[in-house]
Each structure stands twice: as structure tokens, then as C-alpha cells.
Amino acid sequence: MPVIQVTAPRADEARRDEERLRSLCEAVAGALALPPSGVVALLTDAAVTTTGAGAVEAWPLAVLHGSDRGEEATGRALRAAASSLAEGWSVPADQVWVEWPGSGPAAGA
């Protein structure tokens, strides 16, 4: 069962965060041919984000954990997660970061 750790700004309403995570789980599950209940996601609030030059808007970040599913399936899952994060947090696709450790290059900027 893949587990997705998301670090991003929280919504003003908890219900919105639940919707974002449910959509993320559904997208990744679909990419991996799993039922929606076959993926778990959790959200950690990105309270402060900065570069060496000062504070910046937080980028949604997701790290997918799970067994090796092969390069093709992992790539589909990463692309689905990136798209879902961009849509859920209303940011351009180049302002999200997704990674599946040990599965090759990360998607995002």
C-alpha cells in the first residue's frame, strides 16, 4: 500500500484538505491500478518556507513510499501525484515536487 507524505500549506477548512488528499489518493491509485482505498496520504503543514534570500510561498511536496512497482507504473504515479497537487493547491505544475525514493528521478522543478 503506497503511503504519500504531503508537506504543503493547509487550507482554511479541514474539509478542503481532506478533499485534496482524497483526490491525490484516487489519482495515484488509478495510475497504479489500485482501488482508491489502496493508497494512504497524510498532510503536514508547511508553516514557513524560505530560501537563503527570504520567505517564499510553499510548494506542495509529496514523497511516495511503497514497494518497487517498476519504472513505468512509478512514472505514472509520480505524474498523477504532481498533477493532483498542482490542481489541489492551485499552483502551476512547475511549483510542485513529487518523489518516490529509490525509483529514479523526481518529478517537478
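Residues numbered from 1 in each chain as written. Predicted model: local features only at pLDDT ≥ 70, side-chain atom pairs only at ≥ 80, totals over all residues. Heavy atoms only, no water.

(A) Looking closely at the nonpolar core. Within the largest apolar cluster, 27 residues are counted, with the highest numbers of intra-cluster contacts made by Ile4, Val6, Leu24, Val28, Leu64 and Leu85. For this core, the secondary-structure elements that each account for two or more residues are β1 (3-8), α1 (14-31), β2 (40-45), β5 (61-65) and α2 (71-88). Residue contacts for Leu24: discarding those within four places in its chain leaves Ile4, Val6, Ala41, Ala81, Ser84 and Leu85. (Core = buried A, V, L, I, M, F, W, Y, C linked by side-chain atoms within 4.5 Å. Buried < 20%, exposed > 50% of the residue type's maximum accessible area, 1.4 Å probe, protein only. Helix = DSSP H or I, 4+ residues; strand = E, 2+ residues; numbered from the N terminus. Contact = heavy atoms within 4.5 Å.)

(B) Spatial organisation of the packing of α1 against α2. Two elements in contact, α1 and α2, have axes separated by 8 Å at closest approach and are oriented at 160 degrees. As judged from the angle between their axes, α1 and α2 are roughly antiparallel. Like other packed secondary-structure pairs, α1 and α2 cross with a definite hand, here right-handed. Contact residues: Arg16, Arg20, Ser23, Leu24, Ala27, Val28 and Ala31 in α1; Arg76, Ala77, Ala80, Ala81, Ser84, Leu85, Glu87 and Gly88 in α2. (Axes fitted to C-alpha atoms, helices over the stretch in contact; angles between N-to-C directions. Parallel < 35°, antiparallel > 145°, perpendicular 65-115°, else oblique. Left-handed = near helix turned anticlockwise from the far one by under 90°.)

(C) Fine view of the pairing of β2. Note that β1 and β2 share six bridges and pair parallel. Bridged to Val3 within β2 is Val40. The handedness of the β1 to β2 crossover, carried by α1, is right-handed. (Pairing = 2+ DSSP bridges. Right-handed = clockwise from strand over helix to strand, strands pointing away.)

(D) Molecular detail of the side chain of Ser84. Within the secondary structure layout, Ser84 lies in helix α2. Note on Ser84: relative accessible area 11%, which makes it buried. Ignoring any residue separated from it by four or fewer positions in sequence, one finds Ser84 in contact with Arg20, Ser23, Leu24 and Ala27.

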